[in-house]
Amino acid sequence: MTRKEREEELARELRAHMEMEAEELREKGLTAEAAQHAARRAFGSPALAMERTREMWGWNRLESFVRNLRYALRRARKAPGFTATVALVIALAVGVTAAILAFIDVAFFKPLPYPEPERLAYIAMSFEAAGRGASDRVLTGAQWETLRDNASLFEPAVYSSGAAGVNCAAGDRAFFVNQQRVGASFFQVLGVPPAFGRSFTKDEDSENGPRAVMLSDALRRRLFGDSGDVSGRKLLLRGEPYSIVGVMPAGFRSGANADLWTPLKASTRGEGAGSNYQALARLKPGVALAAAAGELDNISKTLPVPEAGRDGIVRVPRFKMQPLLEGRTSDLRKPLLVLLGAVGMVLLIGAVNVGGLVLARQSGRAAELATRMALGASRGQVFRDVLLDSMVLVAIGGVLAVPFAFGALAGLQTLNARMIGLVESAVIDSRALAVGLACTLTAGLIAGILPAWQSVARKRRAFPLGLLVAGQVALVVPLLVGAGLMGRTFLALWTLEAGFDPENLVIARISFAGCAI
Amino acid sequence: MENPENERVELLQGTLDMLVLQTLLFGRCHGHAIAKNIQRTSDEALLVEHGSLYPALHRLERQGWVTTKWDKAPGKNREVKYYLLTPSGKKQLVAQQNRWAQLVAAIGKVMRPV
């Protein structure tokens, strides 16, 4: 029997019941009309009888949910201004939270996109000054060579921090691209072989070695289209000819936002002796991080101790080893957690605000709800209904949050791309969406529980609204203070004396494509 | 015979099913007759609410203790839905009667004046 047939049968059954009742009363001498009335009165609410019987059929729960959902959606549509306000508040809060969580995921949890990431380690230079703690720095060319020549438990690789923009021309096309300099062992240590050609040789990585370049897959496509293996071809970097020795596979990320790589040519003197190198290492199979760190300590002892700085303090250089993920993101972790705390707070405030709005609107619905309860709706039903109402509003916000999350992520990435290559790998994926969903549901519960509870409270004036206001203020004040302090700092930086007169000065960037300077 | 309103007793939770099954023991019945029957045999002390009766009937049907059939009411030009006791419904009735007897006896022991 279909649902409709069942409904009709039940209605017919109840109608027959009432007619029989009326018939009996007529036989007792009532007029037809009075008998009808009395029968109806005796029967009570047919709607209630039907409703309870329907519940008996079992599959009613889902259906009543769908019906309530439709009803809630209709109510949301009827108050577009209110709905838009609520949805926007939630969309903003959830979207930004999801974006921050995507970063947190990359910085804390997601394994790095290389084979056996647990064997990868990050090596930093730490300068220890008596009584002053340590400060982390990058390596010099000389320190790198010490590391390279003495390591036995791990294979180290050196690379430049970040990528720098250069002009690149191939054939008749020229692009402004990001170049990262890496040591010969870099790709091998990461464990990612080139898709075409080979990676750099030691010869190419040494001073006066032949000029070689490796391309990202994206740049290969931009320069040469779909021509496949392009190793052996030439291109111009800063107007100088380089030969392409290899192409990395699509999706490879070196940690910096790089389009092409050239050998680092680290050295103890000349340009290669610079001091902005970073090092990573792959532990030999079966070697524990602690064992490798022990060896690193011994290597540290061979480093020459520099003379005291201008402040008269001697800073002793020491290599330090951490898991690669931790090392790469060490400067990112605390700010991210602070940001997460802030957006979490915003989300909470948003949810409480929405709760307040729904509560205010609820009072306009009091008559309707009272009528429904008088007609036999249980407290549980009304409670669920009102809760669903807020959940629907928040859920609309949750859906809107998805584009917001993508927008916020893109915004944060353009802000940070130059500084932290890692952020490029943050994506809004199923994990971020799942957490966003959880945030939305929580927000919906927070926003909905109070109005729902209020709607079925025995005492009408029930909830002390002052408590709500107090809670909100308590949440907002720290946030405002934090934002204010940040604003102050920003303002101070803005008005900081630059040391020169910026009046009538302009900055221009000129790209000299294809010509040697 | 009419019982004044205030002497009506509310049905104990879970007893309606048993009363319905008991009523059907004497032959098929429709909802209206079941309600009237319970009211009459209890001297109007028990009032069967229709909001409870029909859910109960449908519950019994789902359990397989009664079956239903639409049929002409005798002497009337109208079809009504009849409920019939099934064999498993009879067993269920016996089980419920036993439980009820135990319950009455137990409560009687507690409430007996010392």
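What counts, and at which threshold
- Residues numbered from 1 in each chain as written.
- Chains lettered and ligands numbered in written order.
- Predicted model: local features only at pLDDT ≥ 70, side-chain atom pairs only at ≥ 80, totals over all residues.
- Heavy atoms only, no water.
- Helix = DSSP H or I, 4+ residues; strand = E, 2+ residues; numbered from the N terminus.
- Contact = heavy atoms within 4.5 Å.
- Areas by Shrake-Rupley, 256 points an atom, 1.4 Å probe, with all protein chains shown as cover.
- Buried < 20%, exposed > 50% of the residue type's maximum accessible area, 1.4 Å probe, protein only.
- Pairing = 2+ DSSP bridges.
- Buried area = accessible area lost by both parts, 1.4 Å probe.
- Salt bridge = Lys/Arg side-chain N within 4 Å of Asp/Glu carboxyl O.
- pLDDT = per-residue confidence, 0-100.
- Phe/Tyr/Trp six-rings, centres within 6.5 Å; stacked < 30°, edge-to-face > 60°.
- Patch = residues over 30% accessible without salt bridge, like charges linked within 9 Å, V, L, I, M, F, W, Y side chains within 5 Å.
- Axes fitted to C-alpha atoms, helices over the stretch in contact; angles between N-to-C directions.
- Parallel < 35°, antiparallel > 145°, perpendicular 65-115°, else oblique.
- Nonpolar A, V, L, I, M, F, W, Y, C, P; charged D, E, K, R; others polar.
- Left-handed = near helix turned anticlockwise from the far one by under 90°.
- Core = buried A, V, L, I, M, F, W, Y, C linked by side-chain atoms within 4.5 Å.

Draft legend 1. The overall build of chain A, seen in detail. Regarding its fold elements, chain A presents 14 helices and twelve strands. For chain A, the share of sequence-separated contacts (at least 6 apart) that also reach a separation of at least 24 residues comes to 76%. Only carbon and sulfur atoms are counted for the fraction: they give 61% of the accessible area of chain A, which is about 27700 Å².

Draft legend 2. Local environment of unusual backbone geometry. Look at Arg238 of chain A: it is not a glycine, yet its phi comes out positive at around 50°. Positionally, Arg238 of chain A belongs in the loop between β8 (234-237) and β9 (240-247). Take Arg238 of chain A: its relative accessible area is 46%, and that puts it in the partly exposed class. Non-glycine residue Asp43 of chain B carries a positive phi angle of around 55°. Residue position: Asp43 of chain B is located in the loop between α2 (31-41) and α3 (50-63).

Draft legend 3. The arrangement of the sheet that holds strand β1 (residues 29-30) of chain B in detail. Residues and elements named next belong to chain B. Overall, antiparallel pairing links the three strands, which are arranged β1-β3-β2 in an open sheet. Here the strands that pair on one side only, and so sit at the sheet edges, are β1 and β2 (66-72). One ladder, built from seven bridges, connects β2 with strand β3 (residues 79-85); its direction is antiparallel. Directly across from Lys69, in β3, lies its bridge partner Tyr82.

Draft legend 4. Region of the structure containing the interface of chain A and chain B. On the side of chain B, 20 residues touch chain A, which itself brings 20 residues to the contact. Between chain A and chain B, the buried area comes to about 2000 Å², and carbon and sulfur atoms account for 54% of it. It is Glu13, Met20 and Met56 of chain A that lose the most area in chain A upon contact with chain B, and together they represent 31% of the buried surface on that side. There are seven salt bridges connecting chain A and chain B.

Draft legend 5. Seen up close, the confidence of the model for chain B. Residues at a pLDDT of 70 or more form 87% of chain B, whose mean pLDDT is 84. Interface confidence for the predicted complex, expressed as ipTM, amounts to 0.80; the pTM equals 0.60.

Draft legend 6. Quick peek at the pairing of β3 of chain B. All names here are of chain B. Burial analysis of β3 places five of its seven residues in the buried class, which makes it a mostly covered element. With two bridges joining them, β1 and β3 adopt antiparallel strand pairing. The residue of β3 that forms the bridge with His30 is Tyr82. Taken together, β2 and the strand that follows it, β3, pair antiparallel across an intervening segment of six residues, in which Gly75 is found at a positive phi of about 75°.

Draft legend 7. Layout of the packing of aromatic side chains. Residue and element names in this part refer to chain A. Applying the stated criterion to the full structure yields eight aromatic pairs over all chains. Here Tyr114 and Phe252 contribute two aromatic rings whose centre-to-centre distance is 6.2 Å and whose plane-to-plane angle is 55°, an arrangement assigned as tilted. Within this pair, whereas Tyr114 is found in the loop between α5 (80-109) and β1 (120-129), its partner Phe252 is found in the loop between β9 and β10 (260-263), the two being separated by 138 residues in sequence. With relative accessibility at 5%, the residue Tyr114 sits in the buried group. Given a relative accessible area of 14%, Phe252 falls into the buried group. Taking 6.4 Å as the distance between ring centres and 55° as the angle between the ring planes, the aromatic pair formed by Phe187 and Phe200 counts as tilted.

Draft legend 8. Inspection of a nonpolar patch on the surface at higher detail. A cluster of nonpolar side chains, Trp100, Leu103, Val104, Ile107, Val110 and Met111 of chain B, forms an exposed patch at the surface whose accessible area comes to about 600 Å². Relative to the assigned elements, Ile107 of chain B resides in helix α4 (residues 87-111).

Draft legend 9. Looking closely at the pattern of salt bridges. Going through the model one piece at a time under the given rule, you end up with 29 salt bridges over all chains. When the shortest N-O distance is used, the salt bridge between Arg372 of chain A and Asp385 of chain A registers 2.7 Å. Residue Arg372 of chain A is found in helix α11 (residues 366-374), and its partner Asp385 of chain A is found in helix α12 (residues 379-416); the two are separated by 13 residues along the sequence. Where Arg59 of chain B meets Asp17 of chain B, a salt bridge forms, and the shortest distance between an N and an O atom there is 3.0 Å. With a gap of 42 residues between them, Arg59 of chain B in helix α3 and Asp17 of chain B in helix α1 (residues 15-24) connect regions that are remote in the sequence.

Draft legend 10. Structural detail: the packing of α1 of chain B against α2 of chain B. Residue and element names in this part refer to chain B. Remark: α1 packs on α2, axes separated minimally by 10 Å, with the N-to-C direction vectors making an angle of 100°. Viewed along their axes, α1 and α2 adopt a mutual orientation that is roughly perpendicular. Within the contact between the two elements, α1 uses Leu16, Leu19, Val20, Thr23 and Leu24 and α2 uses Ile34, Asn37 and Ile38. Considered class by class, the residues forming the contact of α1 with α2 number six nonpolar, two polar and no charged.

Draft legend 11. Layout of the environment of Met321 of chain A. All names here are of chain A. Within the secondary structure layout, Met321 lies in strand β12 (residues 315-323). The class for Met321 is buried, based on a relative accessible area of 12%. In this structure, the C-alpha to C-alpha distance between Met321 and Ala290, residues 31 residues apart in sequence, is 8.7 Å. Other than its neighbours up to four places away in sequence, Met321 contacts Ala121, Tyr122, Ile123, Phe154, Ala281, Leu283, Leu289, Ala292, Ala293 and Leu296.

Draft legend 12. Main features of the packing of α5 of chain A against helix α10 (residues 324-362) of chain A. Residue and element names in this part refer to chain A. Direction vectors running N to C along α5 and α10 enclose 160°, while the axes themselves pass 8 Å from each other. Taken together, the axes of α5 and α10 lie roughly antiparallel to each other. Here the hand of the crossing between α5 and α10 comes out left-handed. Here the contact of α5 with α10 is built from residues that sort into 27 nonpolar, four polar and two charged.

Draft legend 13. Representation of the side chain of Glu23 of chain A within the structure. Looking at the secondary structure, you find Glu23 of chain A in helix α1 (residues 3-27). Those residues within four positions of Glu23 of chain A in sequence are excluded, and the remaining contacts are Lys76 and Arg78 of chain B.

Draft legend 14. Fine view of the nonpolar core. By size, the foremost hydrophobic cluster in this structure holds 30 residues, and its most contacted members are Val20, Leu24, Ile34 and Leu53 of chain B. Contributing elements (two or more residues each) for this core: α1 and α3 (46-56) of chain A together with α1, α2, α3 and β3 of chain B. Here Leu24 of chain B is in contact with Cys29, Ile34, Val66, Tyr83 and Leu85 of chain B, once residues within four sequence places are set aside. Formed by 24 residues, the second largest nonpolar core is a distinct cluster that contains Leu120, Ala124, Leu190 and Met248 of chain A.

Draft legend 15. Spatial organisation of the pairing of β9 of chain A. All names here are of chain A. Pairing of strand β6 (residues 196-197) with β9, which is carried by two bridges, proceeds in the antiparallel orientation. Counted as the bridge partner of Phe196 is Val247 from β9. Across four bridges, the pairing between strand β7 (residues 212-215) and β9 is parallel. Note that in β9 the partner of Val213 across the bridge is Ile244. With four bridges connecting them, β8 and β9 associate as antiparallel partners. Looking across to β9, one finds that Leu236 is bridged to Pro241.

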